Amino acid sequence: MPPFQKILVPVDGSSTSDKALQYALALAQANHSQVRVLYAIDELANLSSYEYAGEFLATARQQGRQVLQQAMDAAKAKTVSADTRLAEESGQRLGQTVAEEAASWGADLIVVGTHGRRGVGRVLLGSGAEQIIRMAPVAVLSVRGE
């Protein structure tokens, strides 16, 4: 099997997603692959009142741009070809956003961080990694956080 050429990495600024990014960059460096770093804005604004939605989105966009810039800096330090995408898919779950990005970009691997929660913790907090794994149109490498 040829090495993965296009690696998609969803990030959220957590240490767990940073660990996944480092795995993806190392894999890309070894195989001369491209990396796309994806930051998806959660539509929590829909749960809030309309007057706060604009403020929430502005803050979320700013945070997303900062996380993506840090990812680009990490890619440049490893001399990995990379780009970024800030996704704002209204009313869409993370798994669907990542699956659509992987398909449209032509990714052949998704690298995602997971907290490894089980039982009630997973049910109460949800699992973005689990959504991604279930909905992914390509192979997924899950990287366990601390």
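Sequence order sets the numbering: in each chain, residues are counted from 1 along the sequence as written. The model is predicted, so local features are restricted to residues of pLDDT at least 70 and side-chain atom pairs to those at 80 or more, both for listing and for counting; the totals for chains, interfaces and linings are taken over all residues. Values shown for side chains rest on all heavy atoms present in the structure; no hydrogens or waters enter the calculation.

Draft legend 1. Representation of the overall build of the chain within the structure. Secondary structure is summarised from DSSP: a helix means a run of H or I of at least four residues, a strand means a run of E of at least two, and numbering begins at the N terminus for each. A tally of helices and strands in the chain yields five helices and five strands. Overall, the chain shows an N-to-C arrangement of helices and strands of β-α-β-α-β-α-β-α-α-β. Here the chain holds 146 residues, and 37% of them are scored as buried. Intrachain contacts of the chain at a sequence separation of at least 6 include 77% that bridge at least 24 residues. To measure how exposed things are, a 1.4 Å probe is used in the Shrake-Rupley method; for residues, cover is taken only from the protein chains shown. Per element, the accessible surface of the chain, about 8,400 Å² overall, is 50% carbon and sulfur. Classification of residues uses two cut-offs on accessible area relative to the type maximum, computed with a 1.4 Å probe and protein chains only: under 20% is buried, over 50% is exposed, and between them is partly exposed. Note on contacts: a residue pair is in contact if any heavy atoms of the two residues lie within 4.5 Å.

Draft legend 2. Spatial organisation of the side chain of Glu101. Topologically, Glu101 is positioned in helix H3 (residues 94–105). Glu101 sits in the buried class, given a relative accessible area of 6%. Ignoring any residue separated from it by four or fewer positions in sequence, one finds Glu101 in contact with Leu8, Arg36, Leu38 and Arg85.

Draft legend 3. Highlighting the pattern of salt bridges. One speaks of a salt bridge when a side-chain nitrogen belonging to Lys or Arg is within 4 Å of a carboxyl oxygen belonging to Asp or Glu. Using the criterion set out here, one finds five salt bridges in the structure. The salt bridge partner of Arg36 is Asp83, with a shortest N-O separation of 2.9 Å. On the criterion of sequence distance, the pair formed by Arg36 in strand S2 (residues 34–40) and Asp83 in strand S3 (residues 81–87) is long-range, its members being 47 residues apart. Classification of Arg36 as buried rests on a relative accessible area of 15%. The class for Asp83 is partly exposed, based on a relative accessible area of 29%.

Draft legend 4. Looking closely at the environment of Gly145. Along the chain, Gly145 falls in the segment after strand S5 (139–144). According to the relative accessible area criterion, Gly145 is buried, its value standing at 13%. In the structure, Gly145 is positioned 126 residues away from Lys19 in sequence and 6.8 Å away in space, judged by C-alpha atoms. Apart from residues no more than four positions distant in its own chain, Gly145 is found in contact with Thr16, Lys19 and Thr114.

Draft legend 5. Main features of the sheet that holds S3. With parallel pairing, the five strands of this open sheet are ordered in space as S3-S2-S1-S4-S5. Pairing within the sheet leaves two strands with one partner each, and these edge strands are S3 and S5. Adjacent strand axes in the sheet meet at a mean angle of 25° when their direction is disregarded. Bridge analysis of S2 against S3 gives seven bridges, and the strand direction is parallel. For Val35, the partnering residue across the bridge sits in S3 and is Ala82. Between any two strands, pairing holds if DSSP finds at least two bridges. To define axes, lines are fitted to C-alpha atoms, for helices over the stretch in contact only, and angles between the resulting N-to-C directions are given on a 0 to 180 degree scale.

Draft legend 6. Molecular detail of the packing of H3 against helix H5 (residues 128–135). Orientation of H3 relative to H5, taken along the N-to-C sense of each, is 45°, at an axis distance of 8 Å. It follows from the interaxial angle that H3 and H5 lie oblique. Regarding H3 and H5, the two cross each other, and that crossing is right-handed. Every residue of H5 that contacts H3 at Leu94, Gly95, Gln96, Val98 and Ala99 is listed here: Gly128, Gln131, Ile132 and Met135. Orientation labels follow simple angle bins: below 35 degrees gives roughly parallel, above 145 gives roughly antiparallel, 65 to 115 gives roughly perpendicular, and whatever is left gives oblique. Two helices cross in a left-handed way if the nearer one is turned anticlockwise from the farther one by less than a right angle. They cross in a right-handed way if the turn is clockwise.

Draft legend 7. Main features of the pairing of strand S1 (residues 6–10). Across the five residues of S1, four count as buried, placing the element largely inside the fold. With five bridges joining them, S1 and S2 adopt parallel strand pairing. By the bridge assignment for S2, Lys6 is matched with Gln34. Here two bridges tie S1 to strand S4 (residues 109–114), and the two strands are oriented parallel to one another. Residue pairing across strands places Leu8 opposite Ile110, the latter belonging to S4.

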